[in-house]
Amino acid sequence: MDKKHYFEPEDLKKFGNIGEWQKPMADKFFDYYGEVFKEGALTEREKALIALAVAHTVQCPYCIDAYTSGCLEKGADEEQMMEAVHVAAAIRAGSSLVYSTQMMNHAKGIVM
Amino acid sequence: MGIHQKTKSLTSRHSALADTFFQLKVLNGNALTDKHFPLFSKKIKEAGFSDGVLKPTRIEIFQLNIGKLCNQTCAHCHVDAGPDKKEENMGRESLEKCLEILAAHDIMTVDITGGAPEMNPHFRWFVVECRKLGKKVMVRCNLTIIVSNKKFHDLPVFFAEHQVEVVSSLPHYSAHRTDAQRGDGVFDDSIKAMQMLNAVGYGKENSDLKLNLVYNPTGTFLPGNQASLESEFKRQLKRKFDIDFNSLYAITNMPISRFLDYMLENGQYETYMQTLLDAFNPSAVAGVMCRNTISVGWDGYLYDCDFNQMLDLKVTSKGTHINDFDLSALESRDIVLNQHCYGCTAGAGSSCGGQVA
């Protein structure tokens, strides 16, 4: 097996094969996954944009490829996709920054 | 106003792909790539079409490609149309022959395409004559032609007077996406043209004048759900430009001509063909347009569809030209299939009227 990287783009196509080693759980997962991404109260396009943002947060290269294509297929454009990533980035930045209140509380308790 | 062209025609670039035989060699893994995909005919045989043969249902649509002359040079054009295509345009004599055929047969829809069909000097006369025969007339209008020159400004009024159904390409409600495929400035001109069509009643609620848009992906990906795209296009075009239209047809890009060239240049060809193959949908096969359409080329030759026409794959039945038109022979012919046909059977399927499954 000639494997040079931890992430191989071709491996995304093998995702469905996880059922080979545990079928009932894989079937349940893929059914659930399919149901989640169906048009509902949110459109397929909105769900794809959320997925793209989350993909950047969890830094999953497979998900980034899949939902970049998915967003384009569902009619989103580059501006919308980049805004979605900024939402993820803003929450990441904010979730670090909000801890600074703890830093400030602690500092205020120990400084003159 | 004005369009900055995205590319040049394959012919004017002296590209090897201007030769349709060379395109077929690529599609079959015999030139530029050695990648062989399963034969389309074999694939439909597995899907239950006996012996891998596809037969027509009944010819209901007479689609004429009246010329390759166009004011645009879109990056994905399957016709390789453009401003330089001044020769390959249908003459009056052939159009008269088409009228004879239409008068003699119960084919109710005339679908006129190009190029920009309005640039053919016989276009308006031909539309009027088709309407006199009581036929439904559809024009595949690229929108920008309407604002390209004063002599075309009255096209919306002309279309309305003759109850012509207008089918227009708009790959995206975003200027950037549209211009990336069709040329800088195309989006702004398309918006103006749609507003002019709306002004005479096209696309409006309670109006008989139909304005349908064609969406096709602006890259090597498949179209998404047609209904979902339609509702988003309606929302965005209304919100941003107060534009109304009737239906959106989602069409898959076919791996031929300039789109094939674009993919080969960008190393995307094999991935895209695999995408089409992976998305093969057996239930889309029955609804493909070659089963109820006959396509007529500018020189009068007959084809199963506009894509076969652009690959110079003529019908196999007796009477391959309008001068020898034989409806019953055409309706019992075997449709010519090749590897590009995967484009019409991927996902929800694709035809000139949008998805089919």
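Just above, that's the structure.
Residues numbered from 1 in each chain as written. Chains lettered and ligands numbered in written order. Predicted model: local features only at pLDDT ≥ 70, side-chain atom pairs only at ≥ 80, totals over all residues. Heavy atoms only, no water.

Peer 1: Give me the overall build of chain A: which residues, what numbers.
Peer 2: Scanning chain A for helices and strands turns up five helices and zero strands. Counting helices and strands in the order they occur from the N terminus, chain A gives α-α-α-α-α. Expected size for 112 residues packed as a compact globule is a radius of gyration near 13 Å; at 19 Å, chain A overshoots this value by more than 25%. Taken across its 112 residues, chain A has 21% of its residues classed as buried. Considering only residue pairs separated by 6 or more positions, chain A has 46% of its internal contacts joining residues 24 or more positions apart. Accessible surface for chain A amounts to roughly 8,600 Å². Of this, 65% is attributable to carbon and sulfur atoms. Positive and negative side-chain charges of chain A, numbering 12 and 17 respectively, have mean locations separated by a distance of 6 Å. (Helix = DSSP H or I, 4+ residues; strand = E, 2+ residues; numbered from the N terminus. Rg over C-alpha atoms; globule rule 2.2 N^0.38 Å. Buried < 20%, exposed > 50% of the residue type's maximum accessible area, 1.4 Å probe, protein only. Contact = heavy atoms within 4.5 Å. Areas by Shrake-Rupley, 256 points an atom, 1.4 Å probe, with all protein chains shown as cover. Lys, Arg positive; Asp, Glu negative; His and termini not counted. Charge placed at Lys NZ, Arg CZ, Asp CG, Glu CD.)

Peer 1: Residues and numbers for the packing of aromatic side chains, please.
Peer 2: Inspection of the entire model under this criterion finds 21 aromatic pairs over all chains. With a centroid separation of 5.9 Å and 55 degrees between ring planes, the pair formed by Phe15(A) and Phe29(A) is classed as tilted. Remark: Phe29(A) occurs in helix 1 (residues 23-36) and Phe15(A) occurs in the segment before helix 1; sequence separation between them is 14 residues. Looking at Phe15(A), the relative accessible area reads 36%, which means it is partly exposed. Taking relative accessible area as the criterion, Phe29(A) reaches 31% and is therefore assigned partly exposed. The ring of Phe158(B) carries the charged tip of Arg124(B) above its face, separated from the ring centre by 5.1 Å. (Phe/Tyr/Trp six-rings, centres within 6.5 Å; stacked < 30°, edge-to-face > 60°. Lys NZ or Arg CZ within 6 Å of the ring centre and 35° of its normal.)

Peer 1: Can you tell me about the sheet that holds strand 8 (residues 302-303) of chain B, naming the residues and giving the values?
Peer 2: Note: strands within a sheet are paired through backbone hydrogen bonds, in either parallel or antiparallel orientation. All names here are of chain B. Pairing within the open sheet is mixed, and its eight strands lie in the order 6-5-4-3-2-1-7-8. Taken across any chain shown, the strands that pair with only one partner, and hence form the sheet edges, are strand 6 (248-250) and strand 8. Two elements, strand 1 (residues 61-65) and strand 7 (residues 293-296), share four bridges in a ladder whose sense is parallel. Opposite Leu-64, over in strand 7, you have Val-296 as the bridge partner. Across the sheet, helix 9 (residues 226-241) lies against strand 5 (211-215) and strand 6, angled at about 135 degrees from strand 6, the strand it touches most. (Pairing = 2+ DSSP bridges. Axes fitted to C-alpha atoms, helices over the stretch in contact; angles between N-to-C directions.)

Peer 1: Tell me about the interface of chain B and chain A, residues and numbers included.
Peer 2: Chain B puts 15 residues into the contact, and the matching count from chain A is 11 residues. With both chains or domains summed, chain B and chain A bury close to 1,100 Å², and 44% of this area falls on carbon and sulfur atoms. Among the residues of chain B in contact with chain A, Arg177(B), Phe221(B) and Ser228(B) are the three that bury the most area, contributing 36% of the side total. Linking chain B with chain A are two salt bridges, by the criterion used here. Note that Arg45(A) is salt-bridged to Glu232(B), the shortest N-O span being 3.2 Å. Inspection of the region where chain B meets chain A yields seven residue pairs in polar contact (both at pLDDT 80 or more). (Buried area = accessible area lost by both parts, 1.4 Å probe. Salt bridge = Lys/Arg side-chain N within 4 Å of Asp/Glu carboxyl O. Polar contact = N/O pair within 3.5 Å; in protein donor to acceptor, adjacent residues only side chain to side chain.)

Peer 1: I'd like a rundown of helix 8 (residues 186-199) of chain B, residues and numbers included.
Peer 2: Residues and elements named next belong to chain B. Relative to the 20 Å expected for 14 residues at 1.5 Å per residue, helix 8 spans 20 Å between its end C-alpha atoms, a close match to the ideal helical length. Along helix 8, the residues that are buried comprise Val-186, Phe-187, Asp-189, Ser-190, Ile-191, Ala-193, Met-194, Leu-197 and Asn-198. For helix 8, the elements touching its buried residues are helix 5 (144-148), helix 6 (155-161), strand 4 (165-169), helix 7 (175-182), strand 5 and helix 9. (Expected span 1.5 Å × (residues − 1).)

Peer 1: Would you mind going over the environment of Asp188(B) in detail, with residue names and values included?
Peer 2: For Asp188(B), the position within the fold is in helix 8. Separated by 10 residues in the primary sequence, Asp188(B) and Thr178(B) place their C-alpha atoms 9.7 Å from one another.

Peer 1: How would you sum up the side chain of Asn212(B)? Please name residues and give values.
Peer 2: Among the secondary structure elements, Asn212(B) is positioned in strand 5. With near-sequence residues (within four places) excluded, Asn212(B) lies in contact with Glu165(B), Val166(B), Val167(B), Ser168(B), Asn246(B), Ser247(B) and Tyr249(B).

Peer 1: Can you lay out the state of the cysteines for me, pointing to particular residues and giving the numbers?
Peer 2: Residue and element names in this part refer to chain A. Within this structure, the stated rule accounts for one disulfide over all chains. Across a sulfur-sulfur distance of 2.5 Å, Cys-60 and Cys-63 are joined as a disulfide pair. Residues Cys-60 and Cys-63 are joined by a disulfide whose S-S torsion is about 75 degrees; by sign, that bridge is right-handed. Residue Cys-63 is classed as partly exposed on the basis of its relative accessible area of 27%. (Disulfide = S-S within 2.5 Å.)

Peer 1: Can you break down the packing of helix 3 (residues 92-104) of chain B against helix 4 (residues 123-132) of chain B residue by residue, with the values?
Peer 2: Residue and element names in this part refer to chain B. Direction vectors running N to C along helix 3 and helix 4 enclose 10 degrees, while the axes themselves pass 11 Å from each other. It follows from the interaxial angle that helix 3 and helix 4 lie roughly parallel. Where helix 3 abuts helix 4, its residues Arg-92, Leu-95, Glu-96, Cys-98, Leu-99 and Leu-102 lie against Trp-125, Phe-126, Glu-129 and Cys-130. Broken down by class, the residue content of the contact of helix 3 with helix 4 amounts to seven nonpolar, no polar and three charged. (Parallel < 35°, antiparallel > 145°, perpendicular 65-115°, else oblique. Nonpolar A, V, L, I, M, F, W, Y, C, P; charged D, E, K, R; others polar.)

Peer 1: How would you summarise unusual backbone geometry if you had to cite specific residues and measurements?
Peer 2: Residue and element names in this part refer to chain B. The linkage connecting Gly-114 with the following residue, Gly-115, adopts the cis geometry, with an omega of 25 degrees. Tracing the backbone through its elements, the reader meets Gly-115 in the loop between strand 2 (109-113) and helix 4. With phi around 50 degrees, Ser-257 is a residue other than glycine that occupies positive phi space. Among the secondary structure elements, Ser-257 is positioned in helix 10 (residues 257-265). Taking relative accessible area as the criterion, Ser-257 reaches 4% and is therefore assigned buried. Unlike most non-glycine residues, Asp-312 shows phi in positive territory, near 55 degrees. Mapped onto the elements of the fold, Asp-312 is located in the loop between helix 13 (306-310) and helix 14 (327-331).

Peer 1: Any details on the side chain of Asp306(B)? Residues and values, ideally.
Peer 2: Residues and elements named next belong to chain B. You can see Asp-306 is positioned in helix 13. Arg-140 is the oppositely charged side chain nearest to the buried, salt-bridge-free Asp-306, at an N-O distance of 7.6 Å. Residues within four places of Asp-306 in sequence aside, it is in contact with Gln-63, Asn-65, His-78, Val-79, Thr-113 and Ser-295.

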